Amino acid sequence: MLKKILLVEDEPAIARDKAHTLQNHDFAVVTATTAEHTLEQLNTEPDISLILIDTNLGKASEGTELAEAILRTYDVPIVFLTTPSDKEYIENAKKIIHYGYVLKDSDEFVLIESIHMAYRLFKANQALKIEKARRRESEKKLNAIYEHISTGIAQISLDFHIEAANAAYCSMLGYTEDELKGKHLKEITHPEVIDKNLEKQKQLVEGVIDHYQMEKKFIHKSGQTIHGILNADLIRDAAEKPLYCIGSVLDISYRIQVEQELQGKEEKFRTLVNQTIDMMFLHDLNGNIVDVNKTGVELLGYNREELLSMSIPDLDPDYYQRENQGAFWRQIDFDTPYRFEAELRRKDGSLLPVEIALTKVLVEGETYIMTLSRDISERKQALEALNYERIFLSTVLDNVEEAIVICDAQGRIIRFNEAAKRLHGVESPLTPAEQWSEQYKLYKTDGTTPLPTHEIPLYRALQGEDVYETEIMVVPRDGTPHSLMCNGHQLHDGEGKIIGAVIAMHDVTAYKRAVKDLSTALSEKEYLMRELNHRVKNNLAMVSSLINLKDAEIESDLSDLKAQIDTIQKIYEQLHQAHDLESINFKAYFKDLLDHIFATSIERRVSVEITSDDIHLPPKTAISLGLLINELATNAMKHGFNETEEASFKLEMEKNEAENHYILRISNSGNPFPEETKLDNPHTLGLQLVSTLVLQLQGSIELQRKPSPIFTIKFPIHI
């Protein structure tokens, strides 16, 4: 049989709501709105097991007064319904035997738990009364019940010390009974309630009251706070002399913890709702907005009060065309989101593009629509920019001369630009890699061997290889072979995942034909240059021979002129023998030149030492240096070498990249250079020629005269 509860509430809406909640938890409910109606219900409904009564029944009628009247006749548990503003009624309720009170706006869980607790308290209190009566008859039986009851019970001396405690009491506080015995109440009572507790206990001992009830905080042995509901009674002997006090405690720590957790969760939920990036609206089936979060206020520009006075059609300009005046709200399922894109009108009149997800929900028994609206302005802009980039990229790809081919991560051709279409003469979207060679007529550079799949540049790029300057042949349907130079690499998305590969192919057919023609022309040029150098060398040799013949017939010494011609001849001899027809190896040329000069000019042996970097000079520069060194070598033979020292001639050539010039040092052993001979105003024809050649090289010359001469010549690298 269902437990029957009498609900006394003068507000019909609250009464219906609470009755509905109680019935959902298998309670039978009868209601009353006035004191008279309440007493009438008690007379006609004898099986009422609990009364849930409002502390304020309106019209100056207090629920506490009605409770006192009921308790004079009926022994039934009473739980008060109250609000925080009913402080006066709450204080009055504390003076009456009751089994708790519940805030009207408490959630369903707290209400039901409080009722169950009241039943337990009532049952415990009834049991305690029975135990009191039975104790007078049988102390032994009372002790048995005392030890096994789930409610904590303690015997307290008249001076507030614990004399005995049952197992439940000990377990609740974490002590053994021996540890509790002798402890003063203040040792186990929280400082926040100690004064109130001791004052009530004093009134009980002094006979001012026979019983009191309070919500009390205890201190567990571990220091933890324990919440309990304390009922205290004074025990007297047959002569009504006070003996001790009995306190029964119902541990409600779990209930308090649950209430705190629920409060914390509610605060957390509210914080999350207000911090989310989405606008959250709650509106009824008529579109009237009943709640909105902080994001909605900020994005739309209205304040909260303005939004709560508005409806969805005020914000959605397309509401009537799209949503059939809200009729579809009644058709969607609970907890099944319905998604679409829309625009919401801001307070300044601008439109905000949003993505909306809405669902039907139940809140306190009422049906509402909850919507989450996300600002997609940036996404819209990004999509527009992406579409623009796609069109732009497509236009660029189709207008470049290089053939561009792109495949996806599975190796299927997904894009040919216009140049690739023209080159291959065919486009087959999603063609797999195994068919590329045959489909697109790909060959090795010989133009006849089909290109294996693993050698195809696009396939290699897809495997992760960076393809650079790889040549292949394509023979399209028109039959004209094309040489292609390919570059390609793997494609990745923003997270580094492979999405495909791309290859750029440059048609080098015309270039290769031009290179071949140019190579032929260069070979012909090289042959002509070698023939020219050979003929110039022979002509210079012939001139040198003629000078030898004339030298014997005339009195003048023509050896200097012959040496100068030989110097130039050596240049063309070097060019004729070299692979490079445009530069002279410094060290090889001057070693050959000096060996020739000293071998043909004097009888004694001259040691030649050449120290040089790997330097190559243009013929024009080499001729100037050759003539210059010829003059200085000839001068050393005529005036420098002596009979007491070994004859040596030394060249040192280095390249200074930092200062962009060459440094040439020319020295010989023997006599110092005469002080009276000036380089800047020379009187001899040979030194005049040296100065002229230095100027021709755009250089400078310095002379160390003794102990033996050292000429230092600096001239630019590029002249």
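Note that this is a predicted model, so its numbers are computed, not measured.

Inspection of the sheet shows strand β26 (residues 661-668) paired to strand β28 (residues 710-716) by seven bridges, in the antiparallel sense. Of the residues in β28, the one forming a bridge with Arg665 is Thr712. Here strand β27 (residues 700-704) runs beside β28; their pairing, made up of five bridges, is antiparallel. Looking across to β28, one finds that Leu703 is bridged to Phe711.

What follows is about the sheet that holds strand β16 (residues 403-408). Pairing in this open sheet of six strands is antiparallel, and the strands run β17-β16-β21-β20-β19-β18 from one edge to the other. Of all strands in the sheet, those with a lone pairing partner are β17 (413-416) and β18 (442-443), marking the two edges. Relative to strand β20 (residues 482-492), strand β19 (residues 467-474) runs antiparallel, the two sharing six bridges. Note on β20: the bridge partner recorded for Val467 is Gly488.

The next point concerns the sheet that holds strand β6 (residues 152-156). Taken together, the five strands give an open sheet; going across it, the order is β7-β6-β10-β9-β8, and neighbouring strands pair in antiparallel fashion. With partners counted over all chains shown, the strands left at the sheet margins are β7 (162-165) and β8 (211-219), one partner each. Taken pair by pair, the neighbouring strands of this sheet meet at an average axis angle of 30°, ignoring direction. Packed onto the sheet, helix α10 (residues 194-205) meets β6, β8, β9 (225-236) and β10 (242-251) and runs at close to 145° relative to β8.

Let us look at the pattern of salt bridges. Pairing of side chains with opposite charge becomes possible as their charged atoms draw close. Under the defined criterion, the tally for this structure stands at 19 salt bridges. Glu192 serves as the salt-bridge partner of Lys217, at 2.7 Å between the closest nitrogen and oxygen. One end of the pair, Lys217, is in strand β8; the other, Glu192, is in the loop between α9 (185-188) and α10, and 25 residues separate them in sequence. On the basis of relative accessibility, which here comes to 57%, the residue Glu192 falls in the exposed class. One salt bridge connects Glu455 with Lys444, and the closest N-O pair in it is separated by 3.8 Å. With Glu455 in the loop between β18 and α19 (457-462) and Lys444 in the loop between β18 and α19, this residue pair connects regions lying 11 residues apart in the sequence.

The rules behind the values
- Residues numbered from 1 in each chain as written.
- Predicted model: local features only at pLDDT ≥ 70, side-chain atom pairs only at ≥ 80, totals over all residues.
- Heavy atoms only, no water.
- Pairing = 2+ DSSP bridges.
- Helix = DSSP H or I, 4+ residues; strand = E, 2+ residues; numbered from the N terminus.
- Axes fitted to C-alpha atoms, helices over the stretch in contact; angles between N-to-C directions.
- Contact = heavy atoms within 4.5 Å.
- Salt bridge = Lys/Arg side-chain N within 4 Å of Asp/Glu carboxyl O.
- Buried < 20%, exposed > 50% of the residue type's maximum accessible area, 1.4 Å probe, protein only.

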